[in-house]
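Structural overview for review
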Amino acid sequence: MMCSKRFLLAAFMAWPTSVLGQPAQKQFVIASNIQIESGDTWTQDGVKYRLYGVQSCLRGTDFVQGAQRADCGLASIAQFAALVQTSPASCQPLEAANDGAMFVVCGAKLGKVTIDVGTALIASGYAFAAVAGSGAPVNPNYLVTELVAKNARQGLWAGGFSHPVQMLLKVPAQ
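These numbers come from a predicted model, not from an experiment. (Residues numbered from 1 in each chain as written. Predicted model: local features only at pLDDT ≥ 70, side-chain atom pairs only at ≥ 80, totals over all residues. Heavy atoms only, no water.)

Details of the pattern of salt bridges
- The tally for this structure, following the rule as stated, stands at three salt bridges.
- A salt bridge links Glu37 to Lys48, with the nearest nitrogen and oxygen atoms 3.4 Å apart. Here Lys48 lies in strand β6 (residues 47-51) and Glu37 lies in the loop between β4 (35-36) and β5 (41-44), a separation of eleven residues in the sequence.
- With relative accessibility at 30%, the residue Lys48 sits in the partly exposed group.
- Two residues, Arg50 and Asp99, come together in a salt bridge whose shortest N-O distance is 2.8 Å. Of the two residues, Arg50 sits in strand β6 while Asp99 sits in the loop between β10 (89-96) and β11 (102-110), which places them 49 residues apart along the sequence.
- Under the relative-accessibility criterion, Asp99 is labelled partly exposed at 47%. (Salt bridge = Lys/Arg side-chain N within 4 Å of Asp/Glu carboxyl O. Helix = DSSP H or I, 4+ residues; strand = E, 2+ residues; numbered from the N terminus. Buried < 20%, exposed > 50% of the residue type's maximum accessible area, 1.4 Å probe, protein only.)

Next up, the structure:
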């Protein structure tokens, strides 16, 4: 676990001040009464937010660890909820997604250090690097984090599951 903590600290990303030349929108703190929709999406004060570059496991898909089978999407939700409920997190809005959700990057306070929430979720093995329709990672740093989690068999990587990115892109499992 110590290797993961060092990697999380090294992978911290600075928040952008603007996206596509547009003025940055106001930062906000993730409230304690959010409605979590997935391991990367929530609604707060009537606005749907989604972590930029992060893909959580899909609800209704299974993961297997040992002899236990459970809902992969719910496992991602539990990890996201645990992180944002135990560590104060603030977010910087970026731009609207095609479905109207607002893409954000978020930082969570762990002691005196702020870590990128996307990096933390992916390093834990309960979220993945999102990709564009071309298959290229939205954030290459997140793909590196995913590969480290996979090699360390963190979280869902310790068992079997259908990778959500492969499912969304309809790519055969490797």
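Some details on the environment of Thr119
- As for its placement among the helices and strands, Thr119 is situated in helix α3 (residues 117-124).
- Judged by its relative accessible area of 2%, Thr119 is buried.
- Counting along the chain gives 23 residues from Thr119 to Tyr142, while the straight-line C-alpha distance between them is 6.3 Å.

Description of the packing of α3 against helix α4 (residues 140-151)
- At a closest axis distance of 7 Å, the pairing of α3 and α4 adopts a crossing angle of 25 degrees. Here α3 lies roughly parallel to α4, going by the angle between them. α3 and α4 meet at a crossing whose hand is right-handed. Across from Gly118, Thr119, Ile122 and Ala123 in α3, the residues of α4 making contact are Tyr142, Thr145, Glu146 and Ala149. (Axes fitted to C-alpha atoms, helices over the stretch in contact; angles between N-to-C directions. Parallel < 35°, antiparallel > 145°, perpendicular 65-115°, else oblique. Left-handed = near helix turned anticlockwise from the far one by under 90°. Contact = heavy atoms within 4.5 Å.)

Here's the deal with α3
- Within α3, eight of the eight residues are buried, which leaves the element mostly enclosed by the surrounding structure.
- Its side-chain oxygen placed 3.3 Å from the backbone nitrogen of Gly118, Asp116 serves as the N-cap of α3.
- Downstream of α3 by one or two residues, Gly125 has phi in the positive range, about 90 degrees. (Polar contact = N/O pair within 3.5 Å; in protein donor to acceptor, adjacent residues only side chain to side chain.)

Regarding the environment of Val144
- Secondary-structure assignment places Val144 in helix α4.
- Here Val144 falls in the partly exposed class, since its relative accessible area comes to 45%.
- Along the primary structure Val144 and Ala129 are separated by 15 residues, whereas in three dimensions their C-alpha atoms are 8.6 Å apart.

Some remarks on the nonpolar core
- Grouped together as the largest cluster of nonpolar side chains are 24 residues, with contacts concentrated most on Ile30, Trp42, Leu51, Phe80, Val104, Cys106 and Val117.
- Counting residues per element, the ones that place at least two in this core are β6, α2 (72-86), β10, β11, α3 and β13 (127-129).
- Excluding its chain neighbours within four sequence positions, the residues that come into contact with Leu51 are Asp40, Trp42, Phe80, Phe103, Val104, Cys106, Val117 and Leu121.
- Cys57, Cys72, Trp157 and Phe161 belong to the second-largest nonpolar core, a separate cluster that totals ten residues. (Core = buried A, V, L, I, M, F, W, Y, C linked by side-chain atoms within 4.5 Å.)

Points about unusual backbone geometry
- Non-glycine residue Asp45 carries a positive phi angle of around 55 degrees.
- With respect to the helices and strands, the residue Asp45 is situated in the loop between β5 and β6.
- Within the chain, Arg153 stands out as a residue other than glycine whose phi angle is a positive 55 degrees.
- Mapping Arg153 onto the fold places it in the loop between α4 and β14 (160-161).

Some remarks on the environment of Gln79
- When you line up the elements, Gln79 lands in helix α2.
- Gln79 has contacts with Leu121, Ser124 and Tyr126, leaving out every residue within four places of it along the chain.

Some points on the packing of aromatic side chains
- All told, the structure shown has seven aromatic pairs when counted by the stated rule.
- Arranged with centres 5.4 Å apart and planes meeting at 85 degrees, the rings of Tyr52 and Phe103 form a pair that is edge-to-face. Placement of Tyr52 in the loop between β6 and β7 (54-56) and of Phe103 in strand β11 is noted, with a sequence separation of 51 residues between them.
- Connected via pairs of aromatic rings, a cluster forms that spans Phe28, Trp42, Tyr49 and Phe80. (Phe/Tyr/Trp six-rings, centres within 6.5 Å; stacked < 30°, edge-to-face > 60°.)

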